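Descriptive analysis of the structure
If you want the building blocks of each chain, they are given just below.
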Amino acid sequence: MDYKNAGVDIEAGYKSVELMKKHVKETMRPEVLGGIGGFSGAFSMDAFKDMEHPTLVSGTDGVGTKLKLAFIMDKHNTVGIDCVAMCVNDIACAGGEPLFFLDYIACGKNFPEKIAEIVSGVAEGCKQAGAALIGGETAEMPGFYPVDEYDLAGFSVGVVDQKNLITGQSLADGDVLVGMASSGVHSNGFSLVRSVFEMTKESLDTYYDELGATLGETLLAPTKIYVKALKAIKDAKVQIKACSHITGGGFYENVPRMLSENTHAVIEKNSYPVPPIFTLMQKTGDIEEKMMYNTFNMGIGMMVAVAPENVEKTMEAIKAAGEVPYVVGKITAGEKGVTLV
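The present account deals with the structure reproduced in this document. (Residues numbered from 1 in each chain as written. Predicted model: local features only at pLDDT ≥ 70, side-chain atom pairs only at ≥ 80, totals over all residues. Heavy atoms only, no water.)

Attention now goes to the nonpolar core. Counting 87 residues, the largest nonpolar core has Leu-219, Phe-251 and Met-281 as its most contacted members. A total of 9 residues in this core trace back to one element, the largest contributor, which is helix α3 (residues 79-93). Here Met-281 is in contact with Val-185, Val-193, Val-196, Phe-197, Asp-286, Ile-287, Met-292 and Phe-296, once residues within four sequence places are set aside. Grouped together as the second largest cluster of nonpolar side chains are 9 residues, Leu-99, Phe-100, Val-157 and Val-159 included. (Core = buried A, V, L, I, M, F, W, Y, C linked by side-chain atoms within 4.5 Å. Buried < 20%, exposed > 50% of the residue type's maximum accessible area, 1.4 Å probe, protein only. Helix = DSSP H or I, 4+ residues; strand = E, 2+ residues; numbered from the N terminus. Contact = heavy atoms within 4.5 Å.)

Let's shift gears to the pattern of salt bridges. This model, assessed by the stated rule, comprises 17 salt bridges. Its salt-bridge partner being Glu-26, residue Lys-127 comes within 2.9 Å of it at the nearest N-O pair. In this pair, Lys-127 sits in helix α4 (residues 112-129) while Glu-26 sits in the loop between α1 (10-25) and β1 (32-33), placing the two residues 101 residues apart along the sequence. Given a relative accessible area of 35%, Lys-127 falls into the partly exposed group. (Salt bridge = Lys/Arg side-chain N within 4 Å of Asp/Glu carboxyl O.)

What follows deals with α1. Its 16 residues place the ends of α1 23 Å apart at the C-alpha level, agreeing with the 22 Å of an ideal helix rising 1.5 Å per residue. Those residues of α1 that sit buried are Ala-12, Ser-16, Met-20, His-23 and Val-24. Against α4 and β5 (132-140) lie the buried residues of α1. (Expected span 1.5 Å × (residues − 1).)

Let's shift gears to the sheet that holds strand β6 (residues 150-161). If you walk across this open sheet you meet the 4 strands as β3-β6-β4-β5, and the pairing is mixed. What marks the edges here is a single partner per strand, and that holds for β3 (54-62) and β5. Neighbour-to-neighbour, the strand axes of the sheet open up by a mean angle of 15°, direction not taken into account. Pairing analysis gives 10 bridges linking strand β4 (residues 97-107) to β6, with the strands arranged antiparallel. Note that in β6 the partner of Pro-98 across the bridge is Gly-158. Contacting β4, β5 and β6, α4 crosses the sheet at an angle of about 165° to β4. (Pairing = 2+ DSSP bridges. Axes fitted to C-alpha atoms, helices over the stretch in contact; angles between N-to-C directions.)

Within the open sheet, the 6 strands sit side by side as β10-β12-β7-β13-β11-β14. Their pairing is mixed. Sheet topology places β10 (242-245) and β14 (337-340) at the edges, where each strand pairs with a single neighbour. Between one strand axis and the next, the sheet turns by 25° as a mean value, whatever way the strands run. The pairing of strand β7 (residues 176-181) with strand β12 (residues 300-306) spans 6 bridges and is classified as antiparallel. Each bridged residue has a counterpart across the sheet, and for Gly-179 the counterpart in β12 is Met-303. Contacts between α3 and the sheet are confined to β10 and β12, with β10 contributing the most and set at about 170° to the helix. The sheet contacts of helix α12 (residues 311-320) involve β7, β12 and β13 (325-333), and relative to β13 the element is tilted by about 145°.

So this is what it looks like as structure tokens:
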């Protein structure tokens, strides 16, 4: 009896590391010390030594049951982007710059090519965010996960000068809400998605005219990473008064998180186009509209609040960063919460 007969292939682990090295190297920043394969990742503090009060901000998350679609479609090179996005968007939402990222892959069997494919997506997400992929773990766990399945999660650390933290404390009546378009469902609500649509290869390969793609392609579209767009607003000398990453819980749970006491967000549902995947899902699953807005991003993945005089400058900065902005509402005085009209 040996470890391989027990279900853990050490040689496959070595091969996975070799195959992923080229992807990891593409994410390196000057502050990264050492190479891949060490017991820990080292990152120099030179990135923030000149800040008045450097403040670390962190985020951790996984991809959730969206992975089930990747298993069915046997497509694994984009879920890593989702994993990175869920972490770095939260960091950027606080005003932080993501510095580095670590991933964790747990699988029933280590197929080196598949692991490398997953990590290629993680690396792509890191490149989009400007973060270095400085470490990770691939755990082969036979008997715990099915042979052809895996879980993917990650952790990121960023930094912001304390004076630049986005807290919502300066929000005022009349401030304007600007939303950035999502790429679709992103990585939240897939337990409901999987209840609405039949999760088979045939179903996911079905082409829908209204989607302009197959169902699977549309649902597996990777989560948008908004780090560069938020940085562009800051570089345009615009104060982001408050910011919300629209994730699980949709508008009703996430928008109030950006508000200070005695401020209320009013969002106009018709101020931007809702992607057809949400309309199709609502109709197919006979889902109440409030549940849709309480579960999904409904086409807006990130939302910022700015002073009225900064709206045009904010919109231009977002466009220059490659994202699509919409004026979606405003801040009013009132009880902390959100109203959709």
